[in-house]
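# Structural overview
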Amino acid sequence: MKIISIFVAGALGMSAAACASGPEFHPLKGGVGYSDAQLQSNRFSVSFAGDSSTPRDKVDQYLLYRAAQLTLANGYDYFTVMDKQTDRSTEYQSYGFGSRWIGPGWYRPGWRSSWWGIDPVLDDVSTVPSNRFNATATITMWKGVAPAGKASAYDARQLVNRLGPTIVAAG
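The paragraphs below set out a description of the structure included in this document. Here the structure is a predicted model, which means the values were calculated and not measured.

The rules behind the values
- Residues numbered from 1 in each chain as written.
- Predicted model: local features only at pLDDT ≥ 70, side-chain atom pairs only at ≥ 80, totals over all residues.
- Heavy atoms only, no water.
- Helix = DSSP H or I, 4+ residues; strand = E, 2+ residues; numbered from the N terminus.
- Buried < 20%, exposed > 50% of the residue type's maximum accessible area, 1.4 Å probe, protein only.
- Arc of directions from axis to C-beta.
- Polar contact = N/O pair within 3.5 Å; in protein donor to acceptor, adjacent residues only side chain to side chain.

## Focus on the overall build of the protein
Along its length, the protein carries three helices and seven strands. Looking at the protein as a whole, 32% of its 171 residues are labelled buried.

Below, the structure written as structure tokens:
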């Protein structure tokens, strides 16, 4: 039982190390990335969907970064955020062995076969949760200087300059 637990923990550790470089910033592909839609001349719906290795704060940062890119690309200076929300979805993956035939009958983890005296070593099933975050917002773009003291207003150039070095763009 412990051998499988050690093996599963090692495999999960290696897969986490492989993802340590962080999520990539790219257009939506395979359910991961950013997307946007123009609603009015100065209003967009923007979203960023992360994968299972993307933490919530990074998803929120990528959403704001994309909003700042759109603002500058459309000739505006700042944007305000309305209707922002970040959703979490959780999937569960199981590793190990379930029911299997070992003789005259079926064996399930937790059962003991007294008639054969067999207690297989490979009877562990580990279930691991996997979270994915998706952030969406409606933004309105403006020209001029962002109003001081308004928490939902972001200067697009400052945001791009501050977050740009932390963004891992798809190669």
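## Looking at helix H3 (residues 156–163)
Within H3, the full set of buried residues consists of Ala156, Leu159, Val160 and Leu163. The buried side chains of H3 occupy one side of the element, clustering within an arc of 95° when seen end-on. Turned more than 90 degrees away from the buried face of H3 sit Gln158, Asn161 and Arg162, all of them exposed. Among the residues of H3, the N-terminal cap falls to Asp155, whose side-chain oxygen and the backbone nitrogen of Arg157 are separated by 3.0 Å.

## Some remarks on unusual backbone geometry
Backbone geometry places Asp83, a non-glycine residue, at a positive phi of 55°. Within the secondary structure, Asp83 sits in strand S3 (residues 78–96). In this structure Asp83 comes out as exposed when scored by relative accessible area, which is 64%.

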